[in-house]
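# Survey of secondary and tertiary structure
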Amino acid sequence: MNIPERSRKKFERLLNGNKNFVNGTPTTKNMCFEALKKYAYHQAPYACVLTCSDSRVIPEIIFDCGIGELFVVRVAGMTTGANVIESIEYAVKKLKVPLLILLGHDDCGVMKYAKEHYPEPMSDFSSILKCVYPVLDKKEDITCHNFFAQQHTIWVEDYLMKHSVIINEAVRNNNLYIAKCHFNHDTGIVELIG
């Protein structure tokens, strides 16, 4: 992995936290009101996580983190749009996070729904599907929605790089590393993909 040093240390910290989660040995202590007092008037997260709203995908727990460590953006299917991009840009430009985790996951309901209805335009969930269908448009044979979710994560990185000057420049200047990851429900492990 060719990761800038500042980003690498943060990423290793999160992967070690994931090992704690998998092993059932969480070490996070700053999960109470007393910890919140420290951040009452400022925040200094060391990573931004864009992930799905799925109730089984909770970055703070999966990475064994507490209050003030992660700037988390959650949206169904880890889809993108102006508000999502600007939320990440805020973390990059204002909070100076050196690491952006794109965290897809197994058994994503949005991926299943998209595969079931592709290529029909839908009145329900149209903005979500608009962000998911481009992966299916590539005409690759995507039969597994877990593989589909991983391909979508790769697409999201490309989308962010093309639609955000702030994110693109931060990456090019080695001020930000984007880690494309996938959360495996069977093992609890967060894997780096692509």
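Residues numbered from 1 in each chain as written. Predicted model: local features only at pLDDT ≥ 70, side-chain atom pairs only at ≥ 80, totals over all residues. Heavy atoms only, no water.

Moving on, we come to the overall build of the protein chain. Along the protein chain, the regular secondary structure elements total eight helices and five strands. Counting from the amino terminus, helix and strand elements in the protein chain follow one another as α-α-β-α-β-α-β-α-α-α-α-β-β. On C-alpha atoms alone, the protein chain measures out to a radius of gyration of 17 Å, which is about the 16 Å that the 2.2 N^0.38 rule sets for 194 residues. The burial tally for the protein chain puts 46% of its 194 residues in the buried class. Across the protein chain, the fraction of contacts at a sequence separation of at least 24, relative to all contacts at a separation of at least 6, is 68%. Of the roughly 10300 Å² of accessible surface on the protein chain, a fraction of 52% belongs to carbon and sulfur atoms. The distance from the centre of the 22 positive side-chain charges to the centre of the 22 negative ones in the protein chain is 9 Å. (Helix = DSSP H or I, 4+ residues; strand = E, 2+ residues; numbered from the N terminus. Rg over C-alpha atoms; globule rule 2.2 N^0.38 Å. Buried < 20%, exposed > 50% of the residue type's maximum accessible area, 1.4 Å probe, protein only. Contact = heavy atoms within 4.5 Å. Areas by Shrake-Rupley, 256 points an atom, 1.4 Å probe, with all protein chains shown as cover. Lys, Arg positive; Asp, Glu negative; His and termini not counted. Charge placed at Lys NZ, Arg CZ, Asp CG, Glu CD.)

The subject of this paragraph is the sheet that holds strand β4 (residues 177–183). Taken in spatial order, the five strands of this open sheet run β2-β1-β3-β4-β5, and their pairing is mixed. Of all the strands in the sheet, just β2 (70–74) and β5 (190–192) have a single pairing partner and so form its edges. Adjacent strand axes in the sheet meet at a mean angle of 30° when their direction is disregarded. Along the sheet, helix α7 (residues 145–163) contacts β1 (47–51), β3 (99–105) and β4; its crossing angle with β4, the most-contacted strand, is approximately 165°. (Pairing = 2+ DSSP bridges. Axes fitted to C-alpha atoms, helices over the stretch in contact; angles between N-to-C directions.)

Counting 36 residues, the largest nonpolar core has C48, L50, I88, L100, L102, F148 and L160 as the members making the most contacts within it. Breaking this core down by element, the ones donating at least two residues are β1, β2, α4 (82–93), β3, α5 (109–117), α6 (126–137), α7 and α8 (165–172). With seven residues, α6 is the largest single contributor of residues to this core. Judged by nonpolar contacts, the second largest core, of 19 residues, contains F11, L14, F63 and F183. (Core = buried A, V, L, I, M, F, W, Y, C linked by side-chain atoms within 4.5 Å.)

As for its placement among the helices and strands, K180 is situated in strand β4. Of the polar contacts made by the side chain of K180, one reaches the side chain of E157; its length is 3.1 Å. (Polar contact = N/O pair within 3.5 Å; in protein donor to acceptor, adjacent residues only side chain to side chain.)

All chains considered together, the criterion is met by ten salt bridges. The partner of E5 in a salt bridge is K9, and the shortest N-O contact between them spans 3.9 Å. Of this pair, E5 and K9 both sit in helix α1 (residues 5–23), four residues apart, roughly one helical turn. Where E69 meets R13, a salt bridge forms, and the shortest distance between an N and an O atom there is 3.6 Å. Remark: R13 occurs in helix α1 and E69 occurs in the loop between α3 (59–62) and β2; sequence separation between them is 56 residues. Where salt bridges share partners, they join E5, R8, K9 and E12 into one cluster. (Salt bridge = Lys/Arg side-chain N within 4 Å of Asp/Glu carboxyl O.)

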